[in-house]
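# Observations on chain architecture
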Amino acid sequence: MVLAATPIGNMGDATVRLIDLLQHADVIAAEDTRRLHRLVSALDISTSGRIMSYHEHNEQSRTPELLELVRGGATLLMVTDAGMPSVSDPGYRLVEAAAAEGIAVTAAPGPSAVLTALALSGLPTDRFCFEGFLPRKPGERAARLSELAREERTMVFFEAPHRLEPMLRALDTAFGPERPAAVARELTKLHEQVLRGPLRELLEWAESSEVRGEIAVVVGGAPDAEPEAPEDHVGAVNDLIAQGSRLKDAVATVASDARISKRELYSAVLAARGTSS
């Protein structure tokens, strides 16, 4: 079984291996068979294997059928409309089921909207996470972004063009207007565009523009938090003392929870009382 990446826009990105697999695979499982036929036509090749649809609405029922073909000796090629199968596309359940049965699965890597947007964003790439599409409902979207507000890794999202403006507004609210970000649209296509800047600036662009094409949004991770000073925890020590704890025990408890020096916290408490140690 082979998962193969297909072009995300520019047909020149089709790999030699993808072309060979399309021509010779016994079975091709495609997210959209019409898109597959357009791809084959654009590449000026022909397929010889059986073509079957495999998408979010039939993957649960079709997975056993595909695995049965593989067990019978067929070479199965899995492709989606663009990019790598199973990355925000069908394919995960097929790989999961194949792995559970010990069926060999490999990949023919190629174009990826996630990695392309990340590379072009101008944001740190050493650590990143892919968050896919945010929830459409405002409340659920706000809750998800609240969880991500302190995420330190660069984040990559997908979004539909008609929902880009409310998405950027939600990001602006959750992460702050100055958080660096990039909007990448129509990657590898004729009208490719990458805009970089703070979230508020990108939001203002989206508000004044008619946005079209497929969108990836890359957002910088949360900046490092300022280290906490012992003086910030004096109140917590005094609260424990008021509840009956001894000074030494209260300092030890708070210092452990806050991961700061007991000695420095003890000195800060005494300093706040106007007492020297």
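Each value, and the rule that gives it
- Residues numbered from 1 in each chain as written.
- Predicted model: local features only at pLDDT ≥ 70, side-chain atom pairs only at ≥ 80, totals over all residues.
- Heavy atoms only, no water.
- UniProt positions renumbered as here; feature names shortened; annotations may be inferred.
- Pairing = 2+ DSSP bridges.
- Helix = DSSP H or I, 4+ residues; strand = E, 2+ residues; numbered from the N terminus.
- Axes fitted to C-alpha atoms, helices over the stretch in contact; angles between N-to-C directions.
- Contact = heavy atoms within 4.5 Å.
- Buried < 20%, exposed > 50% of the residue type's maximum accessible area, 1.4 Å probe, protein only.
- Polar contact = N/O pair within 3.5 Å; in protein donor to acceptor, adjacent residues only side chain to side chain.

An unreviewed UniProt entry lists the protein chain under the name Ribosomal RNA small subunit methyltransferase I, with Arthrobacter koreensis as the source organism. Check the Subcellular location (unreviewed entry) section of the UniProt entry for the protein chain; it says "Cytoplasm". Under the UniProt heading Sequence similarities (unreviewed entry), the entry covering the protein chain gives this text: "Belongs to the methyltransferase superfamily. RsmI family."

Within the open sheet, the five strands sit side by side as β6-β7-β10-β8-β9. Their pairing is mixed. Edge positions in the sheet fall to β6 (128-133) and β9 (193-198), since each has one partner strand and no second. For this sheet, the mean inter-axis angle between neighbouring strands, taken without regard to orientation, is 15 degrees. Here strand β8 (residues 180-185) runs beside strand β10 (residues 215-219); their pairing, made up of five bridges, is antiparallel. By the bridge assignment for β10, Val183 is matched with Val217. Here helix α8 (residues 199-207) sits on the sheet in contact with β8 and β9, set at roughly 130 degrees to β9.

Secondary-structure assignment places Arg163 in the loop between β7 (154-159) and α7 (164-175). Relative accessible area serves as the criterion here: at 17%, Arg163 is assigned to the buried category. With residues up to four places along the chain from it excluded, the contact list for Arg163 reads Phe133 and Arg136. Side chain to side chain, Arg163 and Glu159 meet in a polar contact 3.1 Å long.

With that settled, consider the pairing of β7. The side chains of a regular strand alternate, first on one face of the sheet and then on the other. Within β7, six of the six residues are buried, which leaves the element mostly enclosed by the surrounding structure. A two-sided burial pattern is seen for β7, the buried positions comprising Thr154, Val156 and Phe158 on one face and Met155, Phe157 and Glu159 on the other. Pairing between β6 and β7: five bridges, direction parallel. Its bridge partner being in β7, Phe130 is matched across the sheet by Val156. Sheet analysis places β7 next to β10, joined by five bridges and oriented antiparallel. Across the sheet, the residue bridging to Met155 is Val219, located in β10.

Moving on, we get to the side chain of Thr63. As for its position among the elements, Thr63 is in helix α3 (residues 59-71). Within the structure, Thr63 has its side chain in polar contact with the side chain of Tyr54 (distance 2.7 Å). Thr63 has contacts with Tyr54, Arg93, Leu94 and Ala97, leaving out every residue within four places of it along the chain.

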